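Summary of structural features
Each chain is listed here by its residues.
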Amino acid sequence: MEWQFVDNAPIYSQIVQQMRLNIASGVLAPGERLRSVRDMAVEAGVNPNTMQRALAELERDGLVYSQRTSGRYVTEETSMIEETRKTIAKDYVKSFMESMNRLGYSSREIADIIEAFEKEDGAHGNLKM
Amino acid sequence: MAILKCNELTKQYGSVCALDHISLTIEPGRIVGLLGPNGSGKTTLIKLANGLLTPSSGEILINGDKPGVESKRFISYLPDRTCIATWMTVKQLMDFYMDFYGDFDVDAARQMLSRLGIDEKQRVRQMSKGTREKVQLILVMSRKAGLYLLDEPIGGVDPATRDYILNTIIGNYNPEASVIISTHLIADVENVLDDVIFINCGQIVLTSSVDDIRENNGKSVDALFREVFKC
């Protein structure tokens, strides 16, 4: 996994975000076993307590679960994964719309732009919502 | 119980006050950055913890006791300068450490040496400054200690080795042990730290968890440091 961190947010919340994205996009498959906290911390170059905190939060949200002896796993509940996927998509749309509104485009115009974009770059675009 | 505790700790060199009534507590299982500009008192604090200096007033306790034989068993210390005998080979140094410290893990040391491409038969005298620092740090990190005091551990090594060293610190993580890293290379270490202590002119300016700094200030520890210590 490729980890990237920005300076202006806590590391643990960035780990949570990236894990959510990986689970929603299927990079981490449902039911997949996660590696140990220590291994994941070393890979991300972060403090093990930070990784532990991030995983605890994902566990609280139900996206991962732990089994007492064998470690942590990605949830198998596909409805929950789908829910997460939708939430992330909504966030993307929200920030996109905000940027476009700042540029002075109305919702109507934005729809036209997207349509035009799809026609141009449709071959590699997959913008179905 | 706190691994390290200072109560009103003060150290004066003649009329110069290097540490001025410092009180702080470090719990087990934390990686703590001791951050401050040059001459702020970082090394003095670490030397006091090691019993290399004695307080002018106040006290410093390691596991509840004053620094002494027991604390030397407990603490693995990396000084800010070369402290290993330069006429020895790496192999001889490992034997020396094994004789001195019951918790020295020679296999761990060998593994790190080979990973960094350091020849056991080489004498310290023949090594570059960076390689000496690596050897010294490997010896210190190969002990299964309760408290690691690392004074400027990454100052003289290249960025790739820096990453390896920081990974070693995280990878050797023992939930009961704590690590104190003094440095001014904050951007390099901040992702591995739990907590930071900002120190300036012998006084503690700030103690906080790294997460809290980012959450409350919306900026990295490095950025905050530059702001607090702006020249």
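Scroll up for the structure.
Attention in this report is confined to the structure presented alongside it. As the structure is a computational prediction, the values presented were derived from the model and not from experiment. (Residues numbered from 1 in each chain as written. Chains lettered and ligands numbered in written order. Predicted model: local features only at pLDDT ≥ 70, side-chain atom pairs only at ≥ 80, totals over all residues. Heavy atoms only, no water.)

Thoughts on the overall build of chain B
This is how the line gets drawn: Secondary structure elements are taken from DSSP: a helix is a run of H or I of four residues or more, a strand is a run of E of two residues or more, and numbering for both begins at the N terminus. Put simply, the radius of gyration uses C-alpha atoms, and a globule should come to 2.2 Å times the residue count raised to 0.38. When accessible area is computed with a 1.4 Å probe and restricted to protein chains, residues below 20% of their type maximum are described as buried, those above 50% as exposed, and intermediate ones as partly exposed. Should any heavy atoms of two residues lie within 4.5 Å, those residues are considered in contact. Note on areas: Shrake-Rupley with a 1.4 Å probe; residue coverage comes only from the protein chains shown. Residues scored as positive are Lys and Arg, those scored as negative are Asp and Glu, and His as well as the terminal groups of each chain are ignored. The atom standing in for a charge is NZ when the residue is Lys, CZ when it is Arg, CG when it is Asp and CD when it is Glu.
Summing up its helical and strand segments, chain B has nine helices and nine strands in all. The C-alpha radius of gyration of chain B comes to 17 Å, within 12% of the 17 Å expected for a compact globule of 231 residues. Expressed along its principal axes, the backbone C-alpha trace of chain B runs to roughly 45 × 40 × 35 Å. Expressed as a percentage of the 231 residues in chain B, the buried residues total 51%. Intrachain contacts of chain B at a sequence separation of at least 6 include 68% that bridge at least 24 residues. As presented, chain B carries roughly 10,600 Å² of accessible surface, and 49% of it is formed by carbon and sulfur atoms. The averaged location of the 29 negative side-chain charges in chain B is 7 Å from the averaged location of its 25 positive side-chain charges.

Overview of the overall build of chain A
Helix and strand content of chain A: five helices and two strands. Moving toward the C terminus, one meets the helices and strands of chain A in the order α-α-α-β-β-α-α. Scaling as 2.2 N^0.38, a compact globule of 129 residues should have a C-alpha radius of gyration of about 14 Å, whereas chain A reaches 18 Å, well beyond that. Expressed along its principal axes, the backbone C-alpha trace of chain A runs to roughly 55 × 30 × 25 Å. Within the span of chain A, comprising 129 residues, buried residues form 29% of the whole. Within chain A, contacts between residues separated by at least 24 positions form 47% of all contacts whose residues are at least 6 apart in sequence.

Re helix α3 (residues 48-61) of chain A
It helps to recall that an α-helix has 3.6 residues per turn; residues three or four apart then point in one direction. What counts, and what does not: Residue count minus one, scaled by 1.5 Å, sets the expected span of a helix. Think of it as the arc spanned by the lines of direction from the helix axis to the C-beta atoms.
End to end, α3 of chain A covers 20 Å across 14 residues, agreeing with the expected 20 Å (1.5 Å per residue, within 8%). Within α3 of chain A the residues assigned to the buried category are P48, T50, M51, A54, L55 and L58 of chain A. Buried residues of α3 of chain A fall within an arc of 160° about the axis and therefore sit on the same side. For α3 of chain A, the secondary structure elements touched by its buried residues are α1 (11-24), α2 (37-44), β1 (64-67) and β2 (71-74) of chain A together with β3 (31-35) and α6 (159-171) of chain B.

Remarks on the packing of aromatic side chains
Stated formally: A pair of Phe, Tyr and Trp rings is counted when the ring centres sit within 6.5 Å of each other, with Trp represented by its six-membered ring. The angle between the planes then sorts it: under 30 degrees is stacked, over 60 is edge-to-face, the rest tilted.
Enumeration according to the criterion identifies nine aromatic pairs over all chains in this entry. Plain terms: the ring middles of W3 of chain A and F5 of chain A are 6.3 Å apart, the flat faces sit at 20° to each other, and that makes the pair stacked. What makes F5 of chain A partly exposed here is its relative accessible area of 21%. Ring geometry for F96 of chain B against F100 of chain B: centres 5.0 Å apart, planes inclined by 55°, an arrangement best described as tilted.

Overview of the side chain of R214 of chain B
Here is the rule: Here a polar contact means two N or O atoms within 3.5 Å. Within protein one must be a hydrogen donor candidate and the other an acceptor candidate, and residues neighboring in sequence count only if both atoms are side-chain atoms.
Along the polypeptide, R214 of chain B turns up in helix α8 (residues 210-217). One polar contact links the side chain of R214 of chain B to the main-chain carbonyl oxygen of A9 of chain A, over a distance of 2.9 Å.

Section: the interface of chain A and chain B
What counts here: Two parts placed together each lose some accessible area; with a 1.4 Å probe, that loss summed over both constitutes the buried area. Within this document, salt bridges are pairs made up of a side-chain nitrogen of Lys or Arg and a carboxyl oxygen of Asp or Glu, the two lying within 4 Å of each other. By the convention adopted, Pro, Cys, Tyr, Trp, Phe, Met, Ile, Leu, Val and Ala count as nonpolar, Lys, Arg, Asp and Glu as charged, and the other residues, Gly among them, as polar.
Taken residue by residue, the interface counts 18 residues in chain A and 18 residues in chain B. When chain A packs against chain B, the two sides together hide about 1,500 Å² of surface, and 45% of this comes from carbon and sulfur. When the buried area of chain A at its contact with chain B is split by residue, R38, N47 and N49 of chain A rank highest and sum to 29% of it. Summed over the shared surface of chain A and chain B, the result is two salt bridges. Residues D7 of chain A and R214 of chain B are paired through a salt bridge, measuring 4.0 Å at the closest nitrogen-oxygen approach. Between the two partners, chain A and chain B, sit eleven residue pairs in polar contact (both at pLDDT 80 or more). Across the side of chain A that touches chain B, the residue classes tally to ten nonpolar, five polar and three charged.

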